[in-house]
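# Overview (structure and organization)
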Amino acid sequence: MSEHAFSEEQRAGLYRAIHERRDVRSQFLPDPIAPDVLARLLRAAHHAPSVGFMQPWDFIVIDSLATKQAMKALYERANADAAGRFEGERAALYRRLKLEGIVDSPVNVCITCDRTRGGPHVLGRNTMLEADLFSTCLAVQNLWLAARAEGIGVGWVSIVDPVELAALLGLPDHVVPVAYLCLGYVSEFLARPELETAGWRTRLPLESLLHGNRWGDPLDNAPLLDAVLDDANGKPG
Ligand SMILES: Cc1cc2c(cc1C)N(C[C@H](O)[C@H](O)[C@H](O)COP(=O)(O)O)c1[nH]c(=O)[nH]c(=O)c1N2
C-alpha cells in the first residue's frame, strides 16, 4: 500500500459514493438544500480536471418554479418523440419509466460548457476538439459523487432539445448545455439502477469489457488482465 493512499475508512467512503451513487428521478423530497451544502457540491464540481486547465464549465442554479415548469414542458415534448422510437413491449415499458424529477426536486443545476474559454488554442485540445465537453462531464461526476456523500440525490435529464434548452436558459451561442441536473434529498437511494429494476437493461459483466493489448486479443495473452479478472470474480459488477 502506498504511503500516499487514503486510510481504509476514507477509501471505503470514496468507493461507497461510487457504488451507491444513483440517478434519482422518483424519490425526491421537497426539503431545501442549504446554501453551504450546495456550495460544497459546486466547489467539488469546479475541482474536476479539465483539458489545458480550461475550466469550461458554468453552473446555472435554478430554483424558480416557472423555469422548472418550462423545462418540464420541453422534456415532455422530447420524451413523447423518444417514446415513438420504440415498438411493442419496449414502447409500453418505456412509457412506464419515470425519467425526470425536474419539478419534484428543490434545485436544478444546468452545467454548461463554454467552448471559447481560454482562447482559440487550448493546450491539449487541438486534436480532440470534444475534450472541453469531456471535462465538463467530469465536473458533473464530481458533483454527483459529492452529492451522494452528502445524502443528496441527483438525476440527469438529457431528454430535451439542446437548442430549446439553451434558449430557455438564455445561453450565448458559444455555451453548450451539457447536463441538466435535478438535486434534492431523497426518501431512499435504490440499491440498483432504476432501469435495471424495471427490466430495461442490466449491468454488463466487467470481464466482457476488458481487452488485452488490442481489441479482441485473448485475455491469456495479458497476464495482468488475468489477475484483474481473478480479483473481479465473484464481486458485483
Ligand atoms: C449523459 C447521461 C444522460 C442521462 C443519464 C445518465 C447520463 C450519464 N440518465 C441516468 C441513467 O439512466 C443512469 O445513470 C443509468 O441508468 C444507471 O443508473 P445509476 O446512475 O447507476 O442509478 C438519465 N436518466 C433519466 O431518467 N433521464 C435522462 O434523461 C437521463 N439522461
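Residues numbered from 1 in each chain as written. Predicted model: local features only at pLDDT ≥ 70, side-chain atom pairs only at ≥ 80, totals over all residues.

- The name that an unreviewed UniProt entry assigns to the chain is 5,6-dimethylbenzimidazole synthase, with the source organism given as Dyella solisilvae.
- UniProt, in the comment section headed Catalytic activity (unreviewed entry), describes the chain in these words: "FMNH2 + O2 = dialurate + 5,6-dimethylbenzimidazole + D-erythrose 4-phosphate + H(+)".
- Taken verbatim from the UniProt record of the chain, the Subunit (unreviewed entry) comment is "Homooctamer." (UniProt positions renumbered as here; feature names shortened; annotations may be inferred.)

### A few points about the overall build of the chain
- Helix and strand counts for the chain stand at eight helices and four strands.
- Secondary structure elements of the chain, listed N to C terminal, follow the sequence α-α-β-α-α-β-α-β-α-β-α-α.
- Along the longest, intermediate and shortest principal axes, the C-alpha atoms of the chain span 55 × 50 × 35 Å.
- Counting over 237 residues, the chain shows a buried share of 23%.
- The contacts of the chain with a sequence gap of at least 6 include a subset with a gap of at least 24, amounting to 80%. (Helix = DSSP H or I, 4+ residues; strand = E, 2+ residues; numbered from the N terminus. Buried ≥ 20, exposed ≤ 12 C-beta atoms within 10 Å, placed from the backbone. Contact = placed C-beta atoms within 7 Å.)

### Re the environment of M71
- With respect to the element layout, M71 can be found in helix α3 (residues 65-83).
- The exposure class of M71 is buried, given the 24 C-beta atoms found within 10 Å.
- Taking the C-alpha atoms as reference, M71 lies 25 Å from D132; in sequence the two are 61 residues apart.

### Concerning the nonpolar core
- In this structure, I111, L143, A147, V154, Y180, L181 and L183 are the most contacted members of the largest nonpolar core, which totals 34 residues.
- Within the residue set of this core, elements represented by two or more residues are α2 (35-46), β1 (57-62), α3, β2 (107-114), α5 (131-149), β3 (152-157) and β4 (175-185).
- In terms of residue count, β4 provides more of this core than any other element does, seven residues in total.
- In this structure, A147 is in contact with L41, I152, G153, V154 and L183, ignoring residues within four places of it in sequence. (Core = buried A, V, L, I, M, F, W, Y, C linked by C-beta atoms within 7 Å.)

### Some remarks on the site of the ligand
- Looking at the ligand, the residues that line it are R22, D23, R25, L99, E100, W156, V157, S158, I159, P193 and L195.
- Per-class residue counts for the shell around the ligand are six nonpolar, one polar and four charged. (Near = placed C-beta within 6 Å. Nonpolar A, V, L, I, M, F, W, Y, C, P; charged D, E, K, R; others polar.)

### Focus on the UniProt feature "domain: Nitroreductase" (unreviewed entry) in the chain
- UniProt annotation of "domain: Nitroreductase" (unreviewed entry) refers to residues 18-185 when read in the numbering used here.
- Counting secondary structure, residues 18-185 comes out at 42% helix and 18% strand; the distance between its end C-alpha atoms is 18 Å.

### Some remarks on the sheet that holds β1
- On the basis of which strands lie adjacent, the open sheet formed by four strands has the order β1-β2-β4-β3 and antiparallel pairing. If you trace the sheet from one side to the other, it starts and ends with β1 and β3, each paired once. Neighbour-to-neighbour, the strand axes of this sheet turn through a mean angle of 25°, independent of strand direction.
- In terms of strand pairing, β1 meets β2 through six bridges, oriented antiparallel. Residue pairing for β2: I60 is matched across the bridge by C110.
- Where helix α6 (residues 162-169) meets the sheet, it contacts β1, β2 and β4, and its direction lies at approximately 75° from that of β4. (Pairing = 2+ DSSP bridges. Axes fitted to C-alpha atoms, helices over the stretch in contact; angles between N-to-C directions.)

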